[in-house]
Amino acid sequence: MIVRLVEREGLTLRELLARFAGGRGHFTFAGTPDQVADLMVDWFSDGAADGFNVMPPVFPAMMEPFVEEVIPLLQQRGLFRTEYAGTTLRDHLGLDRPADGF
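Given the structure is predicted, the values throughout are model-derived calculations rather than measurements.

In this fold, Glu9 is placed in helix α1 (residues 2–9). Remark: the alpha-carbon pair of Glu9 and Gln75, spanning 66 residues in sequence, is separated by 33 Å.

In terms of nonpolar packing, the biggest core is built from nine residues, these being Val36, Ala37, Met40, Val41, Phe66, Val70, Ile71, Leu73 and Leu74. Sorting the residues of this core by element identifies α3 (33–45) and α4 (63–76) as the ones contributing at least two each. Residue contributions to this core peak at five residues, all from α4. In this structure Val70 touches Pro33, Val36, Ala37, Met40 and Pro65, once residues within four positions along its chain are discounted.

Further remarks concern α4. Compared with an ideal rise of 1.5 Å per residue, which puts 14 residues at 20 Å, α4 spans 19 Å between its outermost C-alpha atoms and is within 8% of the ideal. In α4, a bend of some 35° at Val70 exceeds every other bend along the element, and Pro72, a proline, comes one to four places later. For α4, the full list of buried residues reads Phe66, Val70, Ile71, Leu73 and Leu74. Structurally, α4 contributes buried residues whose contacts are with α3. Just beyond α4, the residue with positive phi is Gly78, at close to 75°.

The rules behind each value
- Residues numbered from 1 in each chain as written.
- Predicted model: local features only at pLDDT ≥ 70, side-chain atom pairs only at ≥ 80, totals over all residues.
- Heavy atoms only, no water.
- Helix = DSSP H or I, 4+ residues; strand = E, 2+ residues; numbered from the N terminus.
- Core = buried A, V, L, I, M, F, W, Y, C linked by side-chain atoms within 4.5 Å.
- Buried < 20%, exposed > 50% of the residue type's maximum accessible area, 1.4 Å probe, protein only.
- Contact = heavy atoms within 4.5 Å.
- Expected span 1.5 Å × (residues − 1).
- Bend = angle between axes of the 7 residues up to and from the residue.

Given below as structure tokens:
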């Protein structure tokens, strides 16, 4: 990814470090809510990602715009749940409860 980025954009070492310093080597992006949702849908639909870690630079303040503006778009596009399957993590993941070992 980094080599392609340098080839495509002709970044200097300083520009490359500035681009990746905040994400510690992870791909980072920003944009309008529609642009962020579009990119996430594209990556998921193309099989490039099966989930995302959202790491805002200021937490929780910068998480609120994502939750309030991007999540509804992802829900409209069928990529994010609108309700939970149950009350436990096992329920949400569709996992059976193990037999009691005692």
